[in-house]
Amino acid sequence: MSGTDHGAAGRDTEAVALAGALLVVGDVVTDVVARHRGPLAAGTDTAAAIRTVPGGAGANVACWAAHRGCADVRLLGRVGAEAAAWHERELAACGVRPLLVVDPEAPTGTVICLVDTGASAERTFLTDSGASLRLEPDDWSPALLDGVARLHLSGYLFFSEPSRALVSVALESARARGVPVSLDPASAGFLTELGVDRFLELAEGVDVLLPSRDEAYLLTGLPDPADAAAKLSRHVPLVVAKQGVDGALVARSGTVRARVPAAPATPRDTTGAGDAFTGAFLAALLAGAEAEEAAAEGCGAGAMAVERIGGRPPVGA
């Protein structure tokens, strides 16, 4: 499953001088997006517009990175046999090289996204992880890092024992090659179940952390977003805390160094907005941007994402 060699190079947390690929390891799922207005009517029908689209936090990040200019994006994920060909086609159409493991037993993960079409376009997820969290060490090879300049891990990998074991070997491989690693915590709900101390222990050695506001709060217990970002940056060299309509915070060495404003948008569906931010941020880093400039790129992609249905960028645009 190794890709074409584009010249692997070690990086610090911000410098990205040499060409190289982005390898994303994470979840690939099928999203069923149901857009409704107002509260759900318990025990009866609620009218909704329903679409089935490809999703998964890891897959979305990869697609947005490719959309925002990263020429070589690769995705390692695990899917069920029933949807493997469809997901491969959809990823390739977005400019991503799919490295998908077909699970012999579990079906592709499915997420039902309930999206309130009111002003906030807020969403609620019902998640059946299926094959997506069954990635395991046998699915990893150090050769996957051939030509890779950055490795990105979806935080969903931390929420099952097999994929936690894969994270461990992937981090070890990345350290051995000097490849920097970024991590998006992915889910405040699952993070609560896993536990903060366990998560931070598993994230040891990560170079860039990209939490949402809620995830930063959970990881620190600090209600002020800036305080939370600053505290996390004592554990991870670079923290970019996504703040939704309030933009993003960039923190290093215990201090918030930049507050990046959000780009204007009229939300239709906030699904995947954080993934869009992460993908665009990583693409900008690979193009040589400083962290603050890359965060601005992330805010722009996030604004584009909330005006679309589903978590992926437009294909061919």
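Rules behind the numbers
- Residues numbered from 1 in each chain as written.
- Predicted model: local features only at pLDDT ≥ 70, side-chain atom pairs only at ≥ 80, totals over all residues.
- Heavy atoms only, no water.
- pLDDT = per-residue confidence, 0-100.
- Contact = heavy atoms within 4.5 Å.
- Helix = DSSP H or I, 4+ residues; strand = E, 2+ residues; numbered from the N terminus.
- Expected span 1.5 Å × (residues − 1).
- Buried < 20%, exposed > 50% of the residue type's maximum accessible area, 1.4 Å probe, protein only.
- Pairing = 2+ DSSP bridges.
- Axes fitted to C-alpha atoms, helices over the stretch in contact; angles between N-to-C directions.
- Phe/Tyr/Trp six-rings, centres within 6.5 Å; stacked < 30°, edge-to-face > 60°.
- Parallel < 35°, antiparallel > 145°, perpendicular 65-115°, else oblique.
- Left-handed = near helix turned anticlockwise from the far one by under 90°.
- Nonpolar A, V, L, I, M, F, W, Y, C, P; charged D, E, K, R; others polar.
- Salt bridge = Lys/Arg side-chain N within 4 Å of Asp/Glu carboxyl O.

Caption draft 1: Highlighting the confidence of the model for the protein chain. Mean pLDDT for the protein chain: 90, with 92% of residues reaching 70 or above. Taken together, the stretch residues 1-18 has pLDDT below 50 and engages in 59 contacts with residues farther than four places along the chain or on a different chain.

Caption draft 2: Spatial organisation of helix α3 (residues 161-177). With 17 residues, α3 should reach 24 Å at 1.5 Å per residue; the first-to-last C-alpha distance of 25 Å fits that figure. Taken together, the buried positions of α3 are occupied by Ser163, Arg164, Leu166, Val167, Ala170, Leu171, Ser173 and Ala174. Considering only its buried residues, α3 is in contact with β1 (21-25), β8 (148-154), β9 (181-184), α4 (188-194) and α5 (196-202). Directly beyond the C-terminal end of α3, a positive phi value near 70 degrees is found at Gly178.

Caption draft 3: Representation of the sheet that holds β9 in the model. Strand order in the open sheet formed by 9 strands is β5-β4-β1-β8-β9-β10-β11-β12-β13, and the pairing between neighbours is mixed. On the outer flanks of this sheet lie β5 (96-103) and β13 (255-260), each paired with one strand and no other. Relative to strand β11 (residues 238-242), strand β10 (residues 208-209) is paired through 2 bridges, and the arrangement is parallel. Directly across from Val208, in β11, lies its bridge partner Leu238. Against the sheet, helix α2 (residues 84-93) touches β4 (73-80) and β5, its axis set at about 165 degrees to β5. Across the sheet, α3 lies against β1, β8 and β9, angled at about 160 degrees from β8, the strand it touches most.

Caption draft 4: Up close: the packing of aromatic side chains. In this structure the tally under the stated criterion is 5 aromatic pairs. With centroids separated by 6.0 Å and ring planes inclined at 80 degrees, the aromatic side chains of Tyr156 and Phe190 adopt a geometry described as edge-to-face. Of this pair, Tyr156 sits in the loop between β8 and α3 while Phe190 is found in helix α4, placing the two residues 34 residues apart along the sequence. Taking relative accessible area as the criterion, Tyr156 reaches 15% and is therefore assigned buried. In this structure Phe190 comes out as partly exposed when scored by relative accessible area, which is 23%. Ring pairs connect the aromatic residues Tyr156, Phe159 and Phe190, which therefore count as one cluster.

Caption draft 5: Layout of the packing of helix α1 (residues 57-67) against helix α8 (residues 273-286). At their nearest, the axes of α1 and α8 sit 7 Å apart, and the two run at 45 degrees to each other. In terms of orientation, α1 and α8 fall into the oblique class. Crossing of α1 against α8: the hand is right-handed. Facing Ala57, Asn60, Val61, Trp64 and Ala65 of α1, the residues of α8 in contact are Asp275, Ala276, Thr278, Gly279, Leu282 and Ala283. Looking at the contact of α1 with α8, its residues break down into 7 nonpolar, 3 polar and 1 charged.

Caption draft 6: Representation of the pattern of salt bridges within the structure. By the definition in use, this model includes 13 salt bridges. Between Glu161 and Arg164 there is a salt bridge whose closest N-O contact spans 2.9 Å. Pair noted here: Glu161 and Arg164 are both in helix α3, with a separation of 3 residues, about one helical turn.

Caption draft 7: Up close: the sheet that holds strand β7 (residues 123-128). The 4 strands lie next to each other as β3-β2-β6-β7, forming an open sheet whose pairing is mixed. Across the chains shown, the open sheet's two edge strands, defined by having one partner strand only, are β3 (49-55) and β7. Pairs of neighbouring strands in the sheet enclose a mean axial angle of 20 degrees, with direction left out of account. Strand direction decides the pairing type here: strand β2 (residues 29-36) and β3, joined by 7 bridges, are antiparallel. Note that in β3 the partner of Val29 across the bridge is Gly55.

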